Structures are given as structure tokens and as C-alpha cells.
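Observations on the model geometry
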Amino acid sequence: MRRATLAVTAGRPVGPGAPLNPPVVLTSTYRAGGERTYGRSGGPTHEAFEAALGALEGGRCVAFASGMAAVVAVLETLPAGGRVVAPRSLYWGVRQVLDHRAQAGRLAAAYVDVTDTEATLAACEGAALLWLETPTNPLLDVADLPALVEGAHARGARVAVDNTFATPLLQRPLEHGADVVVHSATKYLGGHADLLMGAAVTADDALVASLVERRDVDGAVPGPLDAFLALRGLRTLDVRLQRAQASAAELARRLAAHPGVTAVRYPGLAEDPGHARAAAQMDGYGAMIAFETAGTADDAEAVARRVRLIVHATSLGGVESLIERRTRWAGEVAMGTPPTLLRLSVGIEHVEDLWADLEQALDALPGR
Ligand SMILES: *Cc1c(COP(=O)(O)O)cnc(C)c1O
């Protein structure tokens, strides 16, 4: 079955008389004598979500309370002092976790330009893990997934890929040989900005067992209501993504032609440095755009404040379009993100309404 179909069908209860949807099982504990014991060790609602996302990514899924909880669980499987090679610019929360672990001596971290395949692989010599995010948040850099997976494995490093921006409908890192895929299900998978959840997916049974153990011991289990909502969101992922992606392609093209915009990053633009790689390894270019505006950081911030339909807020991947100047966060400044860079998560509103909103916000830039 195609993934658009799996998104609708996977993880449903089966058999005569079964409900079509998994019930929200609100319990912390189970009567003794059965297979289930305690809520932290497993639960039917998040297991239904796991079945669905596992089918979409082509592995076994372990759901977590947030994307960061999934990230930390994967890092906790590494040996003490193990070196992690990661993109210089990536989701700042992951950067923070790596920096904290490095400062504490738990892990070592090496940051590289992941668009430079040779330099990235040179850093993988003797490393425990290559951590990839592609496209990256917020710069939309595209890493050469097949070459990096093969090269990292040849150097003895495992490979983890944060697939939050692409989703399994547009990119399946396990098919490229990656060892584990990580998601912030808070974003596209849930898709409605109403929950926090994460997941790790792998085809390695030993890794599944240690991730499940980490989740149980560390207590990073998702709540049943969040798991129910995430699975409900997953049912419409294909149609949401198709619409948002088509609008993003159009908005990126118009932004690139707007005199108030000095740079646009969207892998679907033919002139984007990540275009050829994205075309080779993805089934679409996604719905995230990064662009820089003419003038100062304050001028860019004012654009984010002037939008009326698009919401000025952090996060991404929902039905509603969101915009923010990423360097309003100190961690993002430290990673070298351009001060006028605005990250736009394109939702499923009508594209002409979105453009009219962006245009009025950009046309008020000084000097325009
Ligand atoms: C949001 C995000 C995360 C963290 O996920 P949470 O659900 O917020 O904990 C990790 N990676 C990427 C790429 C993200 O966008």
C-alpha cells in the first residue's frame, strides 16, 4: 500500500466488533496478572500511534512525551564519552542538549557544515554517531543522505536522522540505511498545534529494546490523549502536506521576486543550493520556507508583527501558518542564524490570502 493509504489505515483496532479508532485509555495502572502493568511501561493508545508511524517509516516506532524526549533517549543509548557529529546549524534544542552533555563530559560534540559531505565524513572517523537533520531547522540546508549514511557506517559511526521537516511521506531515512529516525510529532504528524509528542523509529530490535527501557526508566512516556490526537492528525497528513507544500512552492517563488526580500531558502526553488539533493532523495520539498528581509533585525521583527492571518509564534507543521524571526532566541544567535531570517511554516489556508498577508507586511518595510 502507498503511504497516503497507510496514513489512513495503519494502527487501527482489528476484528469483528472492534471500534474503528483506538480508544483513549486513561489509566495509570493495570490489574495484576495480565500483560500490561503500569502506564509508564506501555499503553494501548500510544501503541496505536506507534504502529502507524512505524508502518510509514518502515521500522518499529517508540513514542515519547516530546520530540526532545525522543532525541535524549537516542543520545542516552551512546557509550560514555562517545563523539556525536552534528550540523552546526540544527534545531536549537538539540544543539542545547548536545552542548549540555558535552559540558558534563557525558558525550563529545563536533559541529560541521553537513552540506559539505567530505568534511562531515572526515569528522565521523572514530565518532559514535552522526546526527543529521535534513532539511535543517531553520536554514533548510539539505544533507546528502545516501552518501553520508554509507560513509559514516564505513567509519564505524551510527546515523540518526531528525525527519521532522520532511515527514515519512517525503523522506524515509531508514530506506537510505540510517539506523534511527527521530520526530517531533508536535509538528507535521500531529499537525494541529494542540499537542506535544515525539518518536524514534528503527529497524534494529536491540535499539528498540533500549529505547523502550529508556522511556520507561526516564519516564518520558506520552499521555493517552496526546497519542490519540497525534494519530488522528496523522490520518490527514498526506492531504495537509500536499496543500501546504503546493502553497509553499508558490510563496517561495513570489518571495524571491519581492524587492523587500534579500534571500529565500526553499529546496523546491531550482536555484536553491539544496535543490538537486532534495530532488534526488525526497518525494517533495515540504512546506517550510526561510527568508531574509532588507534592513535591520528590527525591520524583520516588524514584518512578523505586521502579519494578520499568519500567526506570529514559534513552532511549525500545523494547519495554520506561523512565522517568527528565529534569532529572537539567544541560542539561535549563537548558532549563527542571520538576524533578519524569518522562518515561515506554511499551513493550509488559501495561498492568495497568505500572499496578500505577506505582501502587506513586506510592503511596509522601510525604503519600500
Ligand atoms: C520542534 C523540533 C524538535 C523538538 O521537538 P519537541 O516536540 O518540541 O520537543 C526537534 N527537532 C526539530 C527539527 C524540531 O523542529
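Residues numbered from 1 in each chain as written. Predicted model: local features only at pLDDT ≥ 70, side-chain atom pairs only at ≥ 80, totals over all residues. Heavy atoms only, no water.

**Some points on the packing of aromatic side chains**
Quick reminder of the rule: Note on aromatic pairs: the rings of Phe, Tyr and Trp (six-membered ring only in Trp) are paired at centre separations within 6.5 Å, and the planes decide the class, stacked below 30 degrees, edge-to-face beyond 60, tilted for the rest. Secondary structure elements follow DSSP: runs of H or I no shorter than four residues count as helices, runs of E no shorter than two count as strands, and numbering proceeds from the N terminus. For each residue, the accessible area found with a 1.4 Å probe, counting protein chains only, is set against the maximum for its type, and the residue is called buried under 20%, exposed over 50%, and partly exposed in between. We count a charge as sitting over a ring when the NZ of a lysine or the CZ of an arginine lies within 6 Å of the ring centre and within 35 degrees of the ring normal.
If you walk through the whole model with that rule in mind, you get 1 aromatic pair. Between Trp-92 and Trp-329, the ring centres sit 6.4 Å apart and the planes meet at 15 degrees, which makes this aromatic pair stacked. Linking Trp-92 in helix H4 (residues 92–103) with Trp-329 in the loop between strand S11 (322–325) and helix H13 (330–334), this pair joins segments that are 237 residues apart in sequence. Judged by relative accessible area, Trp-329 falls into the partly exposed class, the value being 29%. Over the aromatic face of Tyr-111 sits the side chain of Arg-95, whose NZ or CZ is 3.7 Å from the ring centroid.

**Remarks on unusual backbone geometry**
The step from Thr-134 to Pro-135 runs through a cis peptide bond, and the omega angle for that step is -5 degrees. Along the chain, Pro-135 falls in the loop between strand S4 (129–133) and helix H6 (145–154). Of the consecutive residues Asn-137 and Pro-138, the connecting peptide bond is found in the cis state with omega at 10 degrees. Relative to the assigned elements, Pro-138 resides in the loop between S4 and H6. Of note, the phi angle at Leu-140 is positive, near 60 degrees, even though the residue is not glycine. A positive phi angle is found at Ser-315, which is not glycine, with a value near 85 degrees.

**Some remarks on empty space enclosed by the protein**
Applicable threshold: Only protein atoms enter the 1 Å grid, on which a cavity is a set of points fitting a 1.4 Å probe that cannot get out and a pocket is an open set with protein on both sides within 12 Å along at least 5 of 7 lines, lining residues being those with an atom within 4 Å of a point. Grid points are joined across faces, edges and corners, and a volume is the space filled by probe spheres set on the points. Classification used: nonpolar for Ala, Val, Leu, Ile, Met, Phe, Trp, Tyr, Cys and Pro, charged for Asp, Glu, Lys and Arg, polar for all others including Gly.
The final tally for this structure, using the stated rule, is 2 cavities of 30 Å³ or more. In this structure, the largest cavity spans a volume of roughly 40 Å³. Looking at the largest cavity, the residues that line it are Tyr-188, Arg-240, Leu-241, Ala-244, Gly-317, Gly-318, Val-319, Val-346 and Ile-348. In terms of residue class, the lining of the largest cavity is made up of 6 nonpolar, 2 polar and 1 charged. Taken as a whole, the second largest cavity encloses approximately 40 Å³ of empty space.

**Quick notes on the pairing of strand S6 (residues 180–184)**
What counts is decided by this rule: DSSP bridges decide pairing: two strands pair if at least two such bridges lie between them.
The element S6 is largely enclosed, with a buried count of 5 among its 5 residues. Across 3 bridges, strand S5 (residues 158–162) lies against S6 in parallel orientation. Among the inter-strand pairings, Ala-160 is bridged to a residue of S6, identified as Val-180. As judged from the 4 bridges shared by S6 and strand S7 (residues 198–202), these two strands associate in the antiparallel manner. Looking across to S7, one finds that Ser-184 is bridged to Gly-198.

**Let's talk about the domain arrangement of the protein chain**
Rules: In this entry, domain limits derive from an automatic or database-based domain assignment. Any two residues whose heavy atoms approach within 4.5 Å at even a single point are treated as in contact. Two parts placed together each lose some accessible area under a 1.4 Å probe, and adding up what both lose gives the buried area. Salt bridges are defined by distance alone: a side-chain nitrogen of Lys or Arg within 4 Å of a carboxyl oxygen of Asp or Glu. Identification of polar contacts relies on pairs of N or O atoms within 3.5 Å, with a donor-acceptor requirement for protein atoms, meaning one able to donate a hydrogen and the other able to accept it, and with residues adjacent in sequence counted only if both atoms are side-chain atoms.
Assigned domains of the protein chain: these are domain 1 (3–235) and domain 2 (238–363). Using only C-alpha atoms to locate each centre, domain 1 and domain 2 end up separated by 25 Å. Every contact between the two is made by 39 residues of domain 1 and, on the other side, 33 residues of domain 2. For the domain 1 and domain 2 pair, buried surface summed over both sides reaches about 3,000 Å², with 59% attributable to carbon and sulfur atoms. Counting every contact that joins domain 1 to domain 2 gives 2 salt bridges. Linking Arg-172 and Asp-283 is a salt bridge whose minimum nitrogen-to-oxygen distance equals 2.9 Å. Summed over the shared surface of domain 1 and domain 2, the result is 14 residue pairs in polar contact (both at pLDDT 80 or more). Elements that contribute at least two residues to the side of domain 1 that touches domain 2 include exactly H4, H6, helix H7 (167–170) and helix H9 (224–234). Here the side of domain 1 that touches domain 2 takes 3 residues from H7, the largest share from any one element. Here the residues of the side of domain 1 that touches domain 2 sort into 21 nonpolar, 12 polar and 6 charged.

**Overview of the sheet that holds S6**
Remark on secondary structure: sheet strands pair via backbone hydrogen bonds, oriented parallel or antiparallel. Quick reminder of the rule: To get an axis, fit a line to the C-alpha atoms, keeping to the stretch in contact for a helix; angles then go from 0 to 180 degrees between the N-to-C directions.
Strand order in the open sheet made by the 7 strands is S1-S7-S6-S5-S4-S2-S3, with mixed pairing throughout. Of all the strands in the sheet, the pair left with one neighbour each is strand S1 (60–64) and strand S3 (108–112). Mean inter-strand twist for the sheet, computed between neighbouring axes without regard to direction, equals 20 degrees. Sheet strands in contact with helix H5 (residues 117–124) are strand S2 (83–87), S3 and S4, and its direction is about 165 degrees off that of S2. Packing of H6 onto the sheet brings it into contact with S4 and S5, and relative to S5 it is tilted by some 150 degrees.

**Re the pattern of salt bridges**
Side-chain pairing between opposite charges can occur once the charged atoms of the two side chains come close. As enumerated under the stated definition, the model contains 23 salt bridges in all. With its nearest N and O atoms 2.9 Å apart, the salt bridge here joins Asp-218 to Arg-214. Of the two residues, Asp-218 and Arg-214 both sit in helix H8 (residues 205–218), 4 residues apart, roughly one turn of that helix. With a relative accessible area of 45%, Asp-218 lands in the partly exposed category. The exposure class assigned to Arg-214 is partly exposed, which follows from its relative accessible area of 22%. Here the salt bridges share partners, and the residues they tie into one network are Glu-324, Arg-326, Arg-328, Glu-332 and Arg-343.

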